[in-house]
Amino acid sequence: MQGEPSVRGGVDLAERPPVGAAIKPPMPPTDIRNPDYFHKVVDCQWACPAHTPVPEYIRLIAAGRYTDAYMVNWRSNVFPGILGRTCDRPCEPACRRGRVEAEPVAICRLKRVAADNKDDVSGFLPKAPVAKNGKRVALVGAGPASLTVARDLAPLGYDITIFDGERRGGGMIRSQIPRFRLPEEVIDEEVGYIVGIGNIDTRYGQRIESLKALLAEPYDAVFVGSGAPRGRDLDVPGRKEAAARIHIGIDWLSNVSFGHIEKIGKRVVVLGGGNTAMDCCRTARRLGGEEVKVVVRSGFEEMKASPWEKEDAMHEGIPILNYLVPKEFTHTGGRLTGVVFEKVAARLDDKGRRQLLPTGEPDVTIECDDVLVAIGQENAFPWIERDIGIEFDRWGMPKVDRTTMQATNPKVFFGGDSAFGPKNIIWAVAHGHEAAISIDAFCRGDSVAVRPPPMVNLASQKMGIHEWSYDNEISLDHRYKVPLRDQAVSLKDIRAEVELGFDRQLGYAETQRCLNCDVETVFTRDLCIECDACVDICPTDCITFTVNGPEDELRRRLQAPALNLTQDLYVSDTLKTGRVMVKDEDVCLHCGLCAERCPTGAWDMQKFLLDMTHASGGHACRRA
């Protein structure tokens, strides 16, 4: 009919490419045998640097199997109790629950539920074999990266020596995370699990001053996990004159952790917008700071601190002042009196780049007794000689292969903050796993470039016509709040843990918000009769039967346009009618209604389990 667009197969023919234009090929069928395909669908596990099977341990918690849930975590992220309190949570922004409501599942805090409620796990932990393999490995630093390497290699018969300048293991976990966030007994417990494996010689209080000298000792490989131990300073007028009351944030936190500092002035200014700054301000609040302010040069949204870290600070009455750049420390007779700030605003230059430019408004002076400088951390390698085959880049960082963690001296490996700069604990763990694989291969004379594949399993969850071996009911509950200790207590005792954690009842309720993203909808083309029953029942309109086409065009004409290009489409082989089944993995709830409705069983719900392979001692079937 004239005046109406011509449509065929769901495509507006007016949008066809002009004659002579290059025609893009249709989408190929999805290869679900590729381990990465369903791995990417389990968004939380894909986002976790250590690839922890999150839905698996959440289901175990829901079943009251806390010890099993803890061990699932321990195999991948090594420090469940520590990370359940302190992880930077890269899994949570990726959580599918956050696409259907405001808040993702409290993945991190559920990890703590497993840790808090587990039974004795000693019987499940590996032990070093009596017969060693004759290889010796030195680890510099006793932080999370080095401890992960030790955890992976000691059960394989390696003789491990850990050097650290501090008197106890844990590295930055112990020195820079305040006790009101992470009790010391949790650190002792989980560091102890690793050291207790055996074949691990801990030389605490022994700082390595020369890597050349260490390499001259009879070690087959050396791993450097020394962290980023130096905090950045601020060079503005008055810094030297008022130095006595201006402190570098990470050093100050370490001194507090080890009991060397027990008080601070009543008026405190914290400079910086990262997680260290949040720890500094909250610690200062507990050591006598009555007026503690955080001052940041960027905007609130641009701060590097995690959203929950900022929320915790503000909840304790600490204001965050933005768009202020320090110009001068004021002082009288060598005594710090305040900080002068210039007001700036974010502007875009002619190339669209964001800049912070002075507004021309009068300077702002904040009076204070102490300043904590937490504007970043950097690596310091004065103990690594420059003539031992290790190349450094223009920023003074070692050149490290991002896959193998090997330096240009093939005997040396790096991980954690010392490898690529400051990140967080879970990244250090991931580096440790990869480095252990490389060290194991190197010591056996194999190529470090060959990485062992993960173990992958797909298992149907079908127990009856409409019954599954997992709970597929979708909870409508919003995210539960973690109970907090009363501020009348927590702000007076620096060792009183603020977050009390979920109890078993709240933990169970929060587990029910998980959408079981590892239970995959698996489609069998030959069983499909194209009745479209699955299309009718799908609550998110994520299934479409249509003619194939190029991906960008196909995404626009699905039942609901698939706009998230980071998540794949599941495309079947061509069906009898010439159509294909296309499923948008981005919005699927894994509810199983398509499989329940399908009259022929063309849809099945199959649990995808990916278990990352760690150092194996040369046996591909052996996992750490």
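Since we're looking at a predicted model, the values are computed, not measured.

Draft legend 1. Examining the pairing of strand E14 (residues 354-358) more closely. As judged from the five bridges shared by strand E13 (residues 335-348) and E14, these two strands associate in the antiparallel manner. Considered in E14, the bridge of Ala-346 is made with Leu-356. In sequence, E13 turns back onto E14 through a hairpin of five residues, with Gly-352 there showing a positive phi of about 80°.

Draft legend 2. Quick look at the pairing of strand E12 (residues 324-332). Looking at chain direction, E12 and E13 are connected through eight bridges and run antiparallel. Pairing of Phe-329 across the sheet is with Val-339, part of E13. Linking two consecutive strands that pair antiparallel, namely E12 and E13, is a turn of two residues; a positive phi of about 60° is found at Gly-333 within it.

Draft legend 3. Spatial organisation of the nonpolar core. Grouped together as the largest cluster of nonpolar side chains are 66 residues, with contacts concentrated most on Leu-153, Ile-160, Leu-211, Leu-214, Ile-384, Phe-414 and Ile-439. Broken down by element, the residue count for this core peaks at eight residues, all from helix H16 (residues 425-443). Among all residues touching Leu-214, those that are not within four sequence positions of it are Ala-138, Val-140, Phe-163, Ile-208, Tyr-219 and Val-222. Val-41, Leu-60, Cys-594 and Ala-602 belong to the second largest nonpolar core, which has 55 residues in total.

Draft legend 4. Inspection of the side chain of Thr-546 at higher detail. On the secondary structure map, Thr-546 appears in strand E21 (residues 543-546). Among the polar contacts made by the side chain of Thr-546, one reaches the side chain of Arg-557 at a distance of 2.6 Å.

Draft legend 5. Molecular detail of helix H8 (residues 144-153). A large share of H8 lies buried, amounting to ten of its ten residues. The complete set of buried residues in H8 reads Pro-144, Ala-145, Ser-146, Leu-147, Thr-148, Val-149, Ala-150, Arg-151, Asp-152 and Leu-153.

Draft legend 6. Focus on the packing of helix H13 (residues 275-286) against helix H14 (residues 307-315). Running from amino to carboxyl end, H13 crosses H14 at an angle of 20°, the nearest separation of the two axes being 10 Å. It follows from the interaxial angle that H13 and H14 lie roughly parallel. Between H13 and H14 lies a crossing of left-handed hand. Taken together, the residues of H14 that come into contact with H13 (itself represented by Asn-275, Met-278, Asp-279, Cys-281 and Arg-282) are Glu-309, Lys-310, Asp-312 and Ala-313. The residue inventory of the contact of H13 with H14, partitioned by class, reads three nonpolar, one polar and five charged.

Draft legend 7. Highlighting the confidence of the model for the protein. Considering every residue of the protein, the mean pLDDT works out to 92; 95% of them sit at 70 or more. This stretch, residues 1-15, has a pLDDT under 50; its non-local contacts, to residues over four places away or in other chains, come to 13 contacts. Every residue in residues 619-624 is under pLDDT 50, and counting partners more than four places away or in other chains gives 13 contacts.

Draft legend 8. Representation of the pattern of salt bridges in the model. By the definition in use, this model includes 55 salt bridges. The salt bridge partner of Lys-399 is Glu-391, with a shortest N-O separation of 3.6 Å. In this structure Glu-391 comes out as partly exposed when scored by relative accessible area, which is 42%. Between Lys-583 and Glu-585 there is a salt bridge, and its shortest N-O distance comes to 2.5 Å. As far as burial versus exposure is concerned, Lys-583 and Glu-585 are alike and both buried. When salt bridges that share partners are traced, they join Arg-168, Arg-174, Glu-184, Asp-188 and Arg-495 into one network.

So, how was this worked out
Residues numbered from 1 in each chain as written. Predicted model: local features only at pLDDT ≥ 70, side-chain atom pairs only at ≥ 80, totals over all residues. Heavy atoms only, no water. Pairing = 2+ DSSP bridges. Helix = DSSP H or I, 4+ residues; strand = E, 2+ residues; numbered from the N terminus. Core = buried A, V, L, I, M, F, W, Y, C linked by side-chain atoms within 4.5 Å. Buried < 20%, exposed > 50% of the residue type's maximum accessible area, 1.4 Å probe, protein only. Contact = heavy atoms within 4.5 Å. Polar contact = N/O pair within 3.5 Å; in protein donor to acceptor, adjacent residues only side chain to side chain. Axes fitted to C-alpha atoms, helices over the stretch in contact; angles between N-to-C directions. Parallel < 35°, antiparallel > 145°, perpendicular 65-115°, else oblique. Left-handed = near helix turned anticlockwise from the far one by under 90°. Nonpolar A, V, L, I, M, F, W, Y, C, P; charged D, E, K, R; others polar. pLDDT = per-residue confidence, 0-100. Salt bridge = Lys/Arg side-chain N within 4 Å of Asp/Glu carboxyl O.

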